[in-house]
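# Remarks on the overall topology
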Amino acid sequence: METKVTSSLTHVLIFVLFTLFFVVNRQLVAATNINLVSLGAKSDGLTDSSRAFTSAWKIACESRNPSTILVPQGRYLVNKALVFNGRNCKNKAISFVIRGTLVAPADFRVLGNAGTWFSFDDVTGVSIFGGVFDGQGAGLWACKRSGKTCPPGATTIRFSNSMNIVVNGLTSLNSQLYHIDFDGCKEVKAEGVQVSASGASPNTDGIHVQHSTGVTIMNTKIGTGDDCISIGAGISNLWIENIACGPGHGISIGSLGKELNEPGVVNVTIKSCTFVGTKNGVRIKSWGRPSNGFVRHVLFQHLTMVNAQNPIIINQNYCPNERGCPGKVSGVRITDITYQDIHGASRTPIGVKFDCSSKYHCTNIKLNDVHLTYRNKPAGKTCINTVGSIFGSSQPNNCF
Ligand SMILES: *[C@@H]1O[C@H](CO)[C@@H](O)[C@H](O)[C@H]1NC(C)=O
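Residues numbered from 1 in each chain as written. Predicted model: local features only at pLDDT ≥ 70, side-chain atom pairs only at ≥ 80, totals over all residues. Heavy atoms only, no water.

Operational definition: UniProt positions are given in the numbering used here, feature names are shortened, and annotations may be inferred rather than shown by experiment.
You'll find the chain entered in an unreviewed UniProt entry as Polygalacturonase, with Chenopodium quinoa given as the organism. In its Sequence similarities (unreviewed entry) section, the UniProt record describing the chain reads: "Belongs to the glycosyl hydrolase 28 family."

Next up, the structure:
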């Protein structure tokens, strides 16, 4: 009898404590949900929903609770260049859950000089889940191809000076310029992204990174008219895995060394990627100009080439329009680059092409199990100013 009473009292006590804990806890961390439609966004594809985005960001930013901005299904016209600034945000956990499609104005002149369509500056802890971003870039590409004077175009999504960023399950279509850009970021995880634009669209890089550390890009499919992924100066600890690239210009480190003073690229892993009908597979490219930039400690591993024009290439004599570089050589120092388990077909007779700086030769270049064919025969290799070695079962024709 006594034990029974004690036990029910204990139960009541535990229940009360739990309830208290729950109520208090909820007040501390209750997530704020913000529905874009309740802020005036219209899913008709015709009404500009820019203001709703700005309002949603303001609410999320001023909340101390983790916040989710929900964009329900439907098409939302976003006519303005949006800036999500985090400098004075109280919030370090803002998620966009996007079930709908965001559409840029059809007239490319509206955003053509804006720089970026969706710009995230100085934000911490921002995630984007899902969403289709339709840049409607075809008009601008046609303008550029016609040789007329056209605005440069807008990058679709750009994160600058930001940290703890997640981009997951997002689709970027037909950007005017770059699709997704991370500049000055720390700890970025981009996963399950899709990028799609015409193979003939100019300057539509899939994902561009520069001045950033701790960026991971995984399980992503990119078809576009320029580099699938381009890696600029000032990069460390970059991990790229399981990318399907094509059409496009491949994965490129560079162009580097345009400036005299430039931070280097160090510790990059690019693994398990396929390149289908691309212009390059994996490329390192620098201007033929003086620079103190460098590329160090890069691993290319488990790559498949399906008719890539230049499957493996280092070009240190980049000089478009022969302006600003003739007679000069690249100062960018390239060292400790490993190519391991790279196979498939080259669309040109040369599968491996190293054209390094005559001043600073590429050093410690390793080819390990590199098997590239051209018309079912081993593809050739050329090495200029390159010091390296061949390991494993890579074909003969040691060009070092
Ligand atoms: C290289 O980068 C990876 C992430 O891509 C990181 O895990 C590793 O610790 C880095 N290595 C060094 C030596 O910094």
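## Some words on the overall build of the chain
Here is the rule: Per the convention used, a helix needs a DSSP run of H or I reaching at least four residues, while a strand needs a run of E reaching at least two, with both numbered from the N terminus. Under the convention used here, a 1.4 Å probe and the Shrake-Rupley method define accessible areas, while residue burial counts only the protein chains that appear. His is not counted, nor are the chain ends, whereas Lys and Arg count as positive and Asp and Glu as negative. Working definition for charges: the position is that of NZ of Lys, CZ of Arg, CG of Asp or CD of Glu.
A tally of helices and strands in the chain yields three helices and 29 strands. Dimensions of the chain along its principal axes, counting C-alpha atoms only, are 90 × 65 × 40 Å. Carbon and sulfur atoms provide 55% of the accessible area of the chain, an area that totals close to 17900 Å². Across the chain, the mean location of the 37 positive side-chain charges is 3 Å away from that of the 23 negative side-chain charges.

## Comments concerning unusual backbone geometry
We count it as follows: A 1.4 Å probe rolled over the protein chains alone gives each residue an accessible area, and that area as a share of the maximum for its type sets the label: buried under 20%, exposed over 50%, partly exposed in between.
The omega torsion across Gly 246 and Pro 247 is -5°, close enough to zero to call that bond cis. Tracing the backbone shows Pro 247 in the loop between β18 (235-245) and β19 (251-256). The residue after Gly 254, namely Ser 255, is reached through a cis peptide bond having omega 15°. Mapped onto the secondary structure, Ser 255 falls in strand β19. Backbone geometry at Glu 187 places phi at a positive 60°, although glycine is not the residue there. Counting through the fold element by element, Glu 187 comes out in strand β13 (residues 186-191). Even without glycine at this site, Asn 219 takes up a positive phi of about 50°. Of note, Asn 219 is situated in strand β16 (residues 212-223). The partly exposed category is assigned to Asn 219, whose relative accessible area is 32%.

## Quick look at the UniProt feature "active site" (unreviewed entry) in the chain
Our working rule: What makes two residues a contact is simply this: any of their non-hydrogen atoms within 4.5 Å. For this analysis, a polar contact is any N or O atom pair within 3.5 Å, provided that within protein one partner can donate a hydrogen and the other can accept it, and provided that sequence-adjacent residues contribute only side-chain to side-chain pairs.
Per the UniProt entry, the sites bearing "active site" (unreviewed entry) are His 249 in this numbering. Its location among the elements puts His 249 in the loop between β18 and β19. Non-local contacts of His 249, meaning those with residues more than four positions away in its chain, are made with Gly 225, Asp 226, Asp 227, Cys 228, Lys 279 and Asn 280. Reaching out from His 249, the side chain makes a polar contact with the backbone oxygen of Gly 225 at a distance of 3.1 Å.

## Points about the site of the ligand
Applicable threshold: Each residue is tested against the molecule or strand, and it is near if at least one of its non-hydrogen atoms lies within 4 Å. Throughout this entry, Asp, Glu, Lys and Arg are counted as charged residues, while Ala, Val, Leu, Ile, Met, Phe, Trp, Tyr, Cys and Pro are counted as nonpolar. The remaining residues, Gly among them, count as polar.
Close contacts around the ligand come from Asn 237, Leu 238, Trp 239 and Asn 267, and that covers them all. One nitrogen or oxygen atom from the side chain of Asn 267 is found 2.4 Å from an oxygen atom belonging to the ligand. Burial of the ligand by the protein amounts to 40% of the accessible area it has alone, namely 360 Å². Here the shell around the ligand gets three residues from one element, more than from any other, and that element is β18. Of the residues contributing to the shell around the ligand, the split by class is two nonpolar, two polar and no charged.

## Topic: the nonpolar core
Rule in force here: To qualify as a nonpolar core, a set must consist of buried Ala, Val, Leu, Ile, Met, Phe, Trp, Tyr and Cys residues joined through side-chain atoms within 4.5 Å.
Within the largest apolar cluster, 90 residues are counted, with the highest numbers of intra-cluster contacts made by Phe 96, Phe 118, Phe 159, Ile 231, Phe 300 and Tyr 339. With near-sequence residues (within four places) excluded, Phe 118 lies in contact with Phe 53, Val 78, Leu 82, Phe 84, Leu 102, Phe 133, Thr 156, Ile 157 and Arg 158.

## Looking at the state of the cysteines
Rule in force here: Disulfides are defined as pairs of cysteine sulfur atoms found within 2.5 Å of each other.
Counted according to the given criterion, the structure contains six disulfides. Residue Cys 61 pairs covalently with Cys 89 via a disulfide, S to S 1.8 Å. The S-S bond linking Cys 61 to Cys 89 shows a torsion near -105°; that makes this disulfide left-handed. One end of the pair, Cys 61, is in helix α2 (residues 50-62); the other, Cys 89, is in the loop between β5 (82-85) and β6 (94-103), and 28 residues separate them in sequence.

## A few points about the packing of aromatic side chains
We apply this condition: Working definition: a ring pair exists when centres of Phe, Tyr or Trp rings (six-membered ring for Trp) sit within 6.5 Å. Plane angles under 30 degrees give stacked, over 60 give edge-to-face, the rest tilted.
Tallied over the entire structure, the rule returns 18 aromatic pairs. Taking 6.3 Å as the distance between ring centres and 10° as the angle between the ring planes, the aromatic pair formed by Trp 57 and Phe 96 counts as stacked. Of this pair, Trp 57 sits in helix α2 while Phe 96 sits in strand β6, placing them 39 residues apart in sequence. Look at Phe 96 and you get buried, because its relative accessible area is 2%.

## A short note on the environment of Gln 309
As for its placement among the helices and strands, Gln 309 is situated in the loop between β22 (294-308) and β23 (310-318). Note on Gln 309: relative accessible area 28%, which makes it partly exposed. Residues Gln 309 and Gly 351, 42 residues apart in the sequence, show an inter-C-alpha distance of 8.0 Å. When near neighbours in sequence (up to four residues on either side) are disregarded, Gln 309 contacts Thr 278, Lys 279, Ser 346, Arg 347, Thr 348 and Ile 350.

## Some points on the pairing of β23
How we decide: At least two DSSP bridges between two strands are required for those strands to pair.
Both strand β21 (residues 280-287) and β23 contribute to a ladder of six bridges, which runs parallel. Residue pairing in the sheet places Arg 283 in a bridge with Ile 313 of β23. Sheet analysis places β23 next to strand β25 (residues 350-355), joined by four bridges and oriented parallel. Within the sheet, the bridge partner assigned to Asn 315 lies in β25 and is Asp 355.

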